[in-house]
Amino acid sequence: MWLLYLPLVIPALAGVAARPLATVLEPRQATWLLTLTAVALAGCSSAALALLAAYAAAQAPVLAALGDYSWQVVRRGDPVPSSAGTIAGLALAAAAVAVAVIVRKRARALADSYRRAAQLHSNDTVVVVPGPAIEAYAMPGRPGRIVVSDILLDRLNTGSRAALIAHEQAHLSGRHYIFVAAARLAAAANPMLLPVARSVEYTVERWADEHAAAVTGDRGLVAETIGQVALLASSQPARLRSISLGAVGARSPRVSLAWAGPVPRRVAALLTAPPPRRITLLAVCVVLVLAAGAAALETVGDLHALLEVAQAGR
Amino acid sequence: MHEPGRPQGQASSQGAIRRAAGALEAEILGIVRTDSQPLSPGEVRERITASDQRELSYSTVVTIMSRLYDKGLLARQRAGRGFSYTAVDEASLAANQMSSALGSGIDRGAVLSRFVSGLSGRDARLLGSLLANARDSSADGPGQPRERD
């Protein structure tokens, strides 16, 4: 019976492990692993909540009469306190609402993106827009578009432009928004998975960065481009330019990325060798996910068996 | 903003203006688009009068042109006491749509993949030293593979 709580605990482990995994795993591998893990664990934890609620409900005499089994037998054989069942039911309802809200929002945003991408009459994938903003992003659509502001393009040299376009192209052709949306949905169903969803947002960026590095053949160039665009887009370009020239910045031989945001982590990853594929780590993660699934399944069997006994005891 | 008030005529003429507003907007937009020069409302009014023998009040033209400006379809610059207007090109229109898209309530940021996310001050310093270190090491050993730390 305690097994039923396992699918509720494993997502917390996944949340803790997500960021280190996102850092050490090869980005494409990490994206698939983390997304599938998030979805699977969200499914398991929702199933566990449903089962807890079902156990509690099975103790209700009304339902017992309807289902023609003995609620006394269920109550005797079932260590799930009815308060836990109630809480589980409420949590499940909240999760369902949260998932519905996110599905609706994402679907609207995606439809909107498709509509706007179609509205741009140009046949080119890359749309250069005027305006004061330093902006570059990929819009899913048919065809998907890469929108870059002319101010930003003006400041980049040919190599950096190629790196930026290759990065955004990877988002479009890899349909990265699907991974991000799936992980975010999982996190809506189970908030303990929120760090996993954030890590997926990071790993798709890394995936696109590695693609850009492969296309341009220069990891350093991609790193420089990310750094340059990030500094341009941030509010204090003057101060930062002097830092990046080494005039102000204290040159630390080791830079701690422990609490760093995504941009410095991406740059740091590009300044080192490409990450290898790690089969063992992958296997460990898969085993954990399967354990959560097995625990949920096992309890479904338990509940079924219990109800059969209860029916016989009538 | 210099604008000599809304049309003051009777209720019936106000209703007529409202009915015709869509058509007038399109007409004025067409005039400004075909002209290479920035146009003042007065010049636009003259052109309408010249082409289809209609007398529009100056304030009607101003009202419609500032509405077009509000919609992002016209750009304007100060010219003397008023403004002169130019048409906004397609790319700018796209840009306006995009920026309004990013700013609006729908969760669009979620489906648009931005090249870089925001930088905190700490991240910016970190980034600075990462890039500085990288430049140093590539300057120290050209031709050497970048070292891992």
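On a predicted model such as this, the values are computed, not experimentally measured, just so you know. (Residues numbered from 1 in each chain as written. Chains lettered and ligands numbered in written order. Predicted model: local features only at pLDDT ≥ 70, side-chain atom pairs only at ≥ 80, totals over all residues.)

*Asks:* So what's going on with the overall build of chain B? Residues and values would help.
*Replies:* Of regular secondary structure, chain B possesses five helices and three strands. Reading chain B from its N end, one meets helices and strands in the order α-α-α-β-β-α-β-α. By residue count, 30% of the 149 residues in chain B fall in the buried class. Within chain B, contacts between residues separated by at least 24 positions form 47% of all contacts whose residues are at least 6 apart in sequence. (Helix = DSSP H or I, 4+ residues; strand = E, 2+ residues; numbered from the N terminus. Buried ≥ 20, exposed ≤ 12 C-beta atoms within 10 Å, placed from the backbone. Contact = placed C-beta atoms within 7 Å.)

*Asks:* How would you explain the environment of Ala269(A) if you had to name every residue and give the values?
*Replies:* With respect to the element layout, Ala269(A) can be found in helix α12 (residues 262–270). Considered as a pair, Ala269(A) and Arg206(A) are 63 residues apart in the sequence and their alpha carbons are 8.3 Å apart.

*Asks:* Could you give an account of the nonpolar core, with specific residues and numbers?
*Replies:* Judged by nonpolar contacts, the single largest core of 101 residues is most densely connected at Leu34(A), Ala38(A), Leu41(A), Ala183(A), Val196(A), Val267(A) and Leu127(B). Sorting elements by how many residues they give to this core places helix α2 (residues 27–58) of chain A first, with 17 residues. In this view, Ala38(A) contacts Ala183(A), Ala186(A), Ala187(A), Leu193(A), Val196(A) and Ala197(A); residues no more than four positions away in its chain are not counted. Core analysis: the second largest hydrophobic core is formed by 16 residues, Leu24(B), Val44(B), Leu73(B) and Phe83(B) among them. (Core = buried A, V, L, I, M, F, W, Y, C linked by C-beta atoms within 7 Å.)

*Asks:* How would you explain helix α13 (residues 279–312) of chain A if you had to name every residue and give the values?
*Replies:* Counted at 1.5 Å a residue, the expected span for α13(A) with its 34 residues is 50 Å, and the 49 Å between its end C-alpha atoms agrees. Within α13(A), the full set of buried residues consists of Val289(A), Ala292(A), Ala295(A), Ala296(A), Thr299(A), Leu303(A), Leu306(A), Leu307(A) and Ala310(A). (Expected span 1.5 Å × (residues − 1).)

*Asks:* I'd love a proper account of the packing of α2(A) against helix α5 (residues 82–119) of chain A, names of residues and values included.
*Replies:* Residue and element names in this part refer to chain A. Packing of α2 against α5 leaves a shortest axis separation of 7 Å and a crossing angle of 135°. Between α2 and α5, the angle falls in the class oblique. Between α2 and α5 lies a crossing of left-handed hand. Residue-level inspection shows Ser46, Leu49, Ala50, Leu52, Ala53, Tyr55, Ala56 and Ala57 of α2 in contact with α5, the latter providing Ser82, Ala84, Gly85, Thr86, Ala88, Gly89, Ala91, Leu92 and Ala95. Residue composition of the contact of α2 with α5, grouped by class: 12 nonpolar, five polar and no charged. (Axes fitted to C-alpha atoms, helices over the stretch in contact; angles between N-to-C directions. Parallel < 35°, antiparallel > 145°, perpendicular 65-115°, else oblique. Left-handed = near helix turned anticlockwise from the far one by under 90°. Nonpolar A, V, L, I, M, F, W, Y, C, P; charged D, E, K, R; others polar.)

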